[in-house]
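What follows is the residue order along each chain.
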Amino acid sequence: DSELIIEYGEPFLSNLDIFLFSLIAGLIIYWVMFRKKAEAIPEFKKLETPAPAARESSFIEKMKKTGKNIVVFYGSQTGTGEEFANRLSKDAQRYGMKGMAADPEEYDMSELSRLKEIDNSLAIFCMATYGEGDPTDNAQDFYDWLQESDADLDGVNFTVSFSSCFFFIFVNDDGNLEEDFVSWREQFWPAVCEHFGVEATGEESSIRQYEPFDSKNPFLSPVTVNRKLNKGGDRHLMHLELDITGSKIRYESGDHVAVYPTNDSNIVNKLGEVLGVDLDTVISLNNLDEESNKKHPFPCPTTYRTALTHYLDVTSCPRTNVLYELAQYASDPKDQENMRKMASSSPEGKALYQTWVLDSSRNILAILEDLPSLRPPIDHLCELLPRLQARYYSIASSSKVHPNSIHICAVVVEYQTKTGRTNKGVATNWLKNKVPTDNGHKATVPMYIRKSQFRLPFKSSNPVIMIGPGTGIAPFMGFIQERAWLKQQGKEVGETVMYFGCRHKNEDFLYQEELEAFEKEEVLTQLNVAFSRDQEKKVYVQHLLKNNKEEVWRQIHKDNAHIYICGDARNMARDVQTVFYEIAEELGGMTHTQAVDYIKKLMTKGRYSQDVWS
């Protein structure tokens, strides 16, 4: 029996309680008296529910299941590291082994300690870096794990006398990367064969990955502004503004915006003509490796036109592996011989690839046009061509001032090659044609944000020295806008010094009106501009730095200034760094070695940052 506890002075049940109680009781009685007799439940044979696919997080289980003994992990930002990893995993087949390429972001990397469970196993890490040696986005978690945890790799050996080995390759787009990779690979595989006591199978034939048949979220940002920045000259420098209203996208000054371009329709059409193919044929390329996470090289089904326009890189110089695979389709033995020679590691082959492909800037179309005997099947060509990658631009605005738009500053790439052809940059020419219209059709750009370490100092009172000639001024427009905003908020803002460079004052002084206005408002403490070609002797930003050496040394050594450099990595960034060494030597009384260490310490402390490209 249940006991009811009643407080005096209050009725036990209100009218509403009585009503609800009656209603519930009635429903229960109805269900008991009038419900249908329960029907017999037929017995079904219990289906064995398959265990979740181990490949979701365990590369070890996947390797065991598929008989793989080589795993090639890649850290890739632009696709190069991933491409090399795929090439190495396919190479394994030629040496009697089975390999798989793997994204460390998709697997539990603590399982590296289990690699010894697989006989003759090998792990290769093909790792790229970007910015100032930062790990790529997909390798960040793996990098953090290596840094922060005590990796349990007991029993996993790092020498060539044990069963499980690790090899690291670092991928950077300096010099002839393809040549370096081919040379390394030619020595790598024989060493692996010798270590494991295996021999090459002699299978030098084409290794196909996708099977042809006949019939994958960026934000689509409307372009609101697209204007030419330069007043003259033969180049086209442009300023674009992308609307991100309602997208909930957030960015910081110094971040990068990634855009997905499409290829020029003229190139796509010419490829179709040269190969004699109906580009509107519906096709699907399916991965022959059923266990692969990547079932198709691009979203399928699709058409050859869509694949060549949106997904495949048709303008870059083909790498040597592509030439090797295509050589079999050249009917002229001489063409076939030269293509295979260029794919080899011989000095003659390297020289031929350098001059005929790289120095001449031959893309796949140019190669097909100059080798009339080479007519590969288009499905194999689509399999071999690398993916068309996103292009990254330093954001030229501050979210404090422009929360709903992202600004881009870029120069349209167009140049004459040694073969007399005109080559055009894929993304910049595509962006150039993204003109805002009022006819109801909005030009849009698929985009997303890539976070950067290129950041203003936490304390706004710290001085900043910004060095960015040409379109290298982009992130500094965001920095200056933000310093102006901070000043308007009543914050103490330190010296803000800009070193900009261009060819002619009257032609390509980018953002001249804005910069001069910031200087007049004393947001910019100094605006130093080098017009390289307005006088007989060329003057660059590094010369202006050297002229202001006493002031520069005070800002750096006494006032804790932060240095930022954006632009060309090969010449400008290197020359500017040399000037900082010289200033430290001359005014700091240091030896060259001490000066180098001094700048390195600034980098370590986050006071010397570079956003550079080659």
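Keep in mind that this is a model prediction, so the values were computed, not measured.

A. Broad picture of helix H5 (residues 177-196). The terminal C-alpha atoms of H5 lie 28 Å apart, and with 20 residues this matches the ideal 28 Å at 1.5 Å per residue to within 8%. Taken residue by residue, H5 has Leu 177, Glu 178, Phe 181, Val 182, Ser 183, Arg 185, Phe 188, Trp 189, Val 192, Cys 193 and Phe 196 as its buried positions.

B. The arrangement of the environment of Gln 354 in detail. Here Gln 354 is to be found in helix H10 (residues 347-359). A sequence separation of 12 residues divides Gln 354 from Met 342, and the C-alpha atoms of the two residues are 8.5 Å apart. Residues within four places of Gln 354 in sequence aside, it is in contact with Asn 176, Glu 179 and Asp 359.

C. Representation of the side chain of Asn 462 in the model. You can see Asn 462 is positioned in the loop between strand S16 (444-450) and strand S17 (464-467). Given the relative accessible area of 14%, Asn 462 is considered buried. Contacts of Asn 462, omitting those with residues within four sequence positions, involve Pro 457, Arg 483, Gly 494, Glu 495, Asp 559, Asn 560 and His 562.

D. View of the sheet that holds strand S8 (residues 237-243). Strand order across the open sheet formed by six strands is S12-S9-S16-S7-S8-S13, with antiparallel pairing between neighbours. Looking at the sheet topology across the chains shown, the edges are occupied by strand S12 (391-394) and strand S13 (405-411). Sheet twist, expressed as the mean angle between neighbouring strand axes with direction ignored, is 40°. Pairing geometry for strand S7 (residues 219-228) and S8, over five bridges, is antiparallel. Bridge pairing links Val 225 to Glu 241 in S8.

E. Representation of the packing of helix H18 (residues 549-558) against helix H19 (residues 569-588) in the model. Viewed as axis vectors pointing N to C, H18 and H19 meet at an angle of 90°, and their least axial separation amounts to 10 Å. In this view, H18 runs roughly perpendicular relative to H19, as classed from their interaxial angle. Between H18 and H19, the contacting residues are Lys 549, Glu 550, Val 552, Trp 553 and Ile 556 on the first element and Phe 580, Ile 583, Ala 584, Glu 586, Leu 587 and Gly 588 on the second. Taken together, the residues of the contact of H18 with H19 break down into seven nonpolar, one polar and three charged.

F. Focus on the sheet that holds strand S21 (residues 608-613). On the basis of which strands lie adjacent, the open sheet formed by five strands has the order S19-S18-S17-S20-S21 and parallel pairing. In this open sheet, the two edge strands, each paired with only one partner strand, are strand S19 (526-531) and S21. This sheet shows a mean twist of 10° between the axes of neighbouring strands, independent of strand direction. Relative to S21, strand S20 (residues 562-568) runs parallel, the two sharing six bridges. By the bridge assignment for S21, Cys 566 is matched with Asp 611. Here H19 sits on the sheet and contacts S17, S20 and S21; the angle it forms with S20, its principal contact strand, is near 150°.

G. Spotlight on the side chain of Thr 428. Relative to the helices and strands, Thr 428 is located in helix H13 (residues 426-432). Polar side-chain contacts of Thr 428 include one of 3.0 Å to the backbone nitrogen of Val 413.

H. Representation of the packing of H19 against helix H20 (residues 592-604) within the structure. Packing of H19 against H20 brings their axes to within 9 Å, and their N-to-C directions diverge by 120°. For the element pair H19 and H20, the recorded crossing hand is right-handed. Contacts between H19 and H20 involve Gln 577, Phe 580, Tyr 581, Ala 584 and Glu 585 on the former and, on the latter, His 592, Ala 595, Val 596, Ile 599 and Met 603. The class makeup of the residues in the contact of H19 with H20 is seven nonpolar, two polar and one charged.

I. Structural context of the pattern of salt bridges. Overall, the coordinates contain 26 salt bridges when judged by the stated rule. Where Arg 87 meets Glu 178, a salt bridge forms, and the shortest distance between an N and an O atom there is 3.0 Å. Of this pair, Arg 87 sits in helix H3 (residues 80-91) while Glu 178 sits in helix H5, placing them 91 residues apart in sequence. Residues joined in a network through salt bridges with shared partners are Glu 61, Lys 64, Glu 111, Arg 114 and Glu 117.

Conventions we followed
Residues numbered from 1 in each chain as written. Predicted model: local features only at pLDDT ≥ 70, side-chain atom pairs only at ≥ 80, totals over all residues. Heavy atoms only, no water. Helix = DSSP H or I, 4+ residues; strand = E, 2+ residues; numbered from the N terminus. Expected span 1.5 Å × (residues − 1). Buried < 20%, exposed > 50% of the residue type's maximum accessible area, 1.4 Å probe, protein only. Contact = heavy atoms within 4.5 Å. Pairing = 2+ DSSP bridges. Axes fitted to C-alpha atoms, helices over the stretch in contact; angles between N-to-C directions. Parallel < 35°, antiparallel > 145°, perpendicular 65-115°, else oblique. Nonpolar A, V, L, I, M, F, W, Y, C, P; charged D, E, K, R; others polar. Polar contact = N/O pair within 3.5 Å; in protein donor to acceptor, adjacent residues only side chain to side chain. Left-handed = near helix turned anticlockwise from the far one by under 90°. Salt bridge = Lys/Arg side-chain N within 4 Å of Asp/Glu carboxyl O.

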